[in-house]
Amino acid sequence: MPQPYLLLTPGPLSTSDTVKAAMQVDLSTWDSDYLAITERIRSQLLTLAGVSAPDYSAVLLQGSGSYGVEAVLNTLLPKQSKDACLMVASNGAYGARIAEMADRLQINHVDLIVPETKPVTAALVTAFLDQHPEVTHFAMIHCETTTGILNPIETILPQVKDRGIITIVDAMSSFGGIPINLLDLKIDFLISSANKCIQGVPGFAFVMANCAILETCQGRSTSLSLDLYDQHMSFKMHPGKWRFTSPTHTVLAFDQA
Ligand SMILES: *Cc1c(COP(=O)(O)O)cnc(C)c1O
């Protein structure tokens, strides 16, 4: 075994003994205990985000944080279509990753690129939107982990949403560390993962999703396993039931964390 040492990275990071100990139990994905733990996690995440069911759903998804981001983009946006346009506001590597995903998915997008030493500001975003009335969806990073810059989503997102644009935030390395209220900030979709601020172990991403919007997106994802609509409907129809095999030990660790 490698010698244990202190991880001070954004995630994976050092986890507590109780979080590691929680993984000593083997459960199957259809145990009633396991279903109840999944549901408890989902409802606690909503509470942490200042929202509740049935308006919002905490959709858990197997994979790392990027899987959650890609699932949101693929599920919400049509492909090879000028009917929708994603604006990506980027000031670092994770913002650039969103634009790269949009390219791969053949999603129509326009990018506001800010130097990585500067925050994305409301003035820059609204000026860009004035030039791009075709924008229907907006995505940005809260904490750009690569530089540590905390972008002021609280001044940006309400103004974007007030223009009738769907708002998406990658809050991977801030959710659970910095208070974020989705209603106050007018966030429709927020993505984070098990192994960042909540200090669980890696294995799944989660999306806090505006159900009224998500439920209009049936059949839009070109990927089966990254279909956030289908994943949401699984939890809705069968409480606690993930589609496909879920990371049971990671879920137990997360519940403890
Ligand atoms: C960690 C992180 C991600 C996701 O990275 P994965 O390696 O896929 O978990 C995305 N955005 C931000 C801001 C991050 O800090």
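Residues numbered from 1 in each chain as written. Predicted model: local features only at pLDDT ≥ 70, side-chain atom pairs only at ≥ 80, totals over all residues. Heavy atoms only, no water.

### Concerning the sheet that holds strand β4 (residues 137-141)
Argument step 1. What the 7 strands build is an open sheet, ordered β1-β9-β8-β7-β4-β2-β3; its pairing is mixed. Edge positions in the open sheet fall to β1 (56-62) and β3 (109-113), since each of these has one partner strand only. Strand-to-strand twist across the sheet, computed as the mean angle between neighbouring axes with direction ignored, equals 20°.
Argument step 2. Two elements, strand β2 (residues 86-90) and β3, share 5 bridges in a ladder whose sense is parallel. In the strand pairing of β3, S90 is matched with I113.
Argument step 3. Contacts between helix α5 (residues 122-131) and the sheet are confined to β2, β3 and β4, with β3 contributing the most and set at about 145° to the helix. (Pairing = 2+ DSSP bridges. Helix = DSSP H or I, 4+ residues; strand = E, 2+ residues; numbered from the N terminus. Axes fitted to C-alpha atoms, helices over the stretch in contact; angles between N-to-C directions. Contact = heavy atoms within 4.5 Å.)

### Section: the site of the ligand
Argument step 1. In the vicinity of the ligand, the residues found are S64, G65, S66, Y94, R97, I141, C143, T145, D170, M172, S173 and K196.
Argument step 2. Between the ligand and the protein, one listed contact pairs an oxygen atom with a side-chain N or O atom of S66 at 2.5 Å.
Argument step 3. With the chains in place, 86% of the 380 Å² that the ligand exposes on its own is no longer accessible.
Argument step 4. For the shell around the ligand, the secondary-structure elements that each account for two or more residues are α3 (65-76) and α4 (93-104).
Argument step 5. When the residues that make up the shell around the ligand are grouped by side-chain class, the tally is 4 nonpolar, 5 polar and 3 charged. (Near = heavy atom within 4 Å. Polar contact = N/O pair within 3.5 Å; in protein donor to acceptor, adjacent residues only side chain to side chain. Areas by Shrake-Rupley, 256 points an atom, 1.4 Å probe, with all protein chains shown as cover. Nonpolar A, V, L, I, M, F, W, Y, C, P; charged D, E, K, R; others polar.)

### Some details on the side chain of H142
Argument step 1. Its location among the elements puts H142 in the loop between β4 and β5 (143-144).
Argument step 2. Residue classification places H142 among the buried residues on the basis of a relative accessible area of 3%.
Argument step 3. Those residues within four positions of H142 in sequence are excluded, and the remaining contacts are I149, L150, N151, I153, V169, D170, A171, S174, I178 and I180. (Buried < 20%, exposed > 50% of the residue type's maximum accessible area, 1.4 Å probe, protein only.)

### As for the packing of helix α2 (residues 32-48) against helix α10 (residues 248-256)
Argument step 1. Between α2 and α10, the least distance of the axes is 10 Å, while the angle of their chain directions is 50°. One element, α2, and the other, α10, form an angle in the oblique class. For the pair α2 and α10, the sense of crossing is left-handed. Of the residues in α10, those touching α2 at Y34, I37, T38, R40, I41 and L45 are T248, V251, L252, F254 and D255.
Argument step 2. Split by residue class, the contact of α2 with α10 holds 7 nonpolar, 2 polar and 2 charged. (Parallel < 35°, antiparallel > 145°, perpendicular 65-115°, else oblique. Left-handed = near helix turned anticlockwise from the far one by under 90°.)

### Focus: α5
Argument step 1. If you check which residues of α5 are buried, you get A122, V125, T126, F128 and L129. All buried residues of α5 lie within an arc of 160° about the axis, which places them on one face of the element. Opposite the buried face of α5, by more than 90 degrees, sit the exposed residues A123, D130 and Q131. (Arc of directions from axis to C-beta.)

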